[in-house]
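Letter by letter, the chains look like this.
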Amino acid sequence: MKIHKEGKNVILVAFLIFVAINSLMYLLAGSNPAINVVTLITLVMLALVIWFFRVPNFNIELRDGYVLAPADGKVVVIEETTELEYLKDSRIQVSIFMSPLNVHINWFPVGGIVKYYKHHSGRFMAAWLPKASTENERATTVIETKEGIPVLVRQIAGAMARRIVSYGREGMQVRQDEQLGFIKFGSRVDVFLPLGSEIKVEIGQKATGSQTVIAKLP
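Keep in mind the model is a prediction, meaning the values are calculated, not measured.

> Looking at this structure, I do not really get the layout of surface pockets. What am I missing?
Empty space among the atoms becomes visible once a probe the size of a water molecule is rolled across them. Estimated volume of the second largest pocket: approximately 240 Å³. Lining the second largest pocket are 18 residues, and of these D64, V110, G111, G112 and K146 sit closest to its centre. Among the secondary structure elements, those contributing two or more residues to the lining of the second largest pocket are strand 7 (112-120) and strand 11 (173-174). Taken together, the residues of the lining of the second largest pocket sort by class into six nonpolar, six polar and six charged.

Below you can see the structure in the form of structure tokens.
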């Protein structure tokens, strides 16, 4: 299993904590059977941390004119709304909520040129709340396709997330098989599409990042 680069330091710290806890228990309790219980619990926790930073192994098919899911998770929002940060017009918003068990790699949903990027500090409310899109810590990236269609992607930190990583910067040429970034421990990704886009997913549907087609652009 391949581990994402964003997880290497976290896994190292978790491993050192695992060693420290079990070494301390051995020194204090000797051969007490309780040590086996503690070892099992800490081993499971370490395994979960490693599993969180896994990198899926699959092929990514580039699909011009189509929007691929930017993240693993459940589709929780499909609605017409007004995007106020950059586009400043009516858009179709599709939101995917990632639980701590999902792969937390984020992908560029379309290929093109990054026209805008900005990171916003903010709160850490539950990611599924509507206000999280404008009040939580978040990072906004806008990609303009070769047809000149702007697609806005917003990474949103959740109650457990404490770090958003974004790789796209203004002027970069990006593709659908490249990583947009990574959000640690529970979060949401919003995609704002032009009106007239043909939505290919439904509320409650599970999406796979870079694999599930969420829309066809007009």
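> Even after reading the chapter, I still don't get the pattern of salt bridges, so can you show me in this structure?
Close approach of charged atoms lets side chains of opposite charge pair. Enumeration according to the criterion identifies seven salt bridges in this entry. The shortest N-O distance in the salt bridge between R154 and E83 comes to 2.8 Å. Of the two residues, R154 sits in strand 9 (residues 150-157) while E83 sits in strand 4 (residues 73-83), which places them 71 residues apart along the sequence. With a closest N to O distance of 2.6 Å, D177 and R175 form a salt bridge. Residue D177 is classed as partly exposed on the basis of its relative accessible area of 26%. Look at the salt bridges and you will find they share partners, linking E83, E85 and R154 into a network.

> Is there a simple way to explain the packing of helix 1 (residues 8-29) against helix 2 (residues 34-52) in this structure?
For any two helices packed against each other, one specifies the inter-axial angle together with the distance between the axes. Where helix 1 contacts helix 2, the two axes come as close as 10 Å, and the packing angle between them is 180°. One element, helix 1, and the other, helix 2, form an angle in the roughly antiparallel class. Contacts between helix 1 and helix 2 involve V10, I11, A14, F15, F18, I21, N22, M25, Y26 and A29 from the first element and I35, V38, T39, T42, L43, L46, V49 and I50 from the second. Residue composition of the contact of helix 1 with helix 2, by class: 15 nonpolar, three polar and no charged.

The rules behind each value
Residues numbered from 1 in each chain as written. Predicted model: local features only at pLDDT ≥ 70, side-chain atom pairs only at ≥ 80, totals over all residues. Heavy atoms only, no water. 1 Å grid on protein atoms, 1.4 Å probe; cavity = no way out; pocket = protein on both sides within 12 Å on 5 of 7 lines; lining within 4 Å. Points joined across faces, edges and corners; volume = space filled by probe spheres on them. Helix = DSSP H or I, 4+ residues; strand = E, 2+ residues; numbered from the N terminus. Nonpolar A, V, L, I, M, F, W, Y, C, P; charged D, E, K, R; others polar. Salt bridge = Lys/Arg side-chain N within 4 Å of Asp/Glu carboxyl O. Buried < 20%, exposed > 50% of the residue type's maximum accessible area, 1.4 Å probe, protein only. Axes fitted to C-alpha atoms, helices over the stretch in contact; angles between N-to-C directions. Parallel < 35°, antiparallel > 145°, perpendicular 65-115°, else oblique. Contact = heavy atoms within 4.5 Å.

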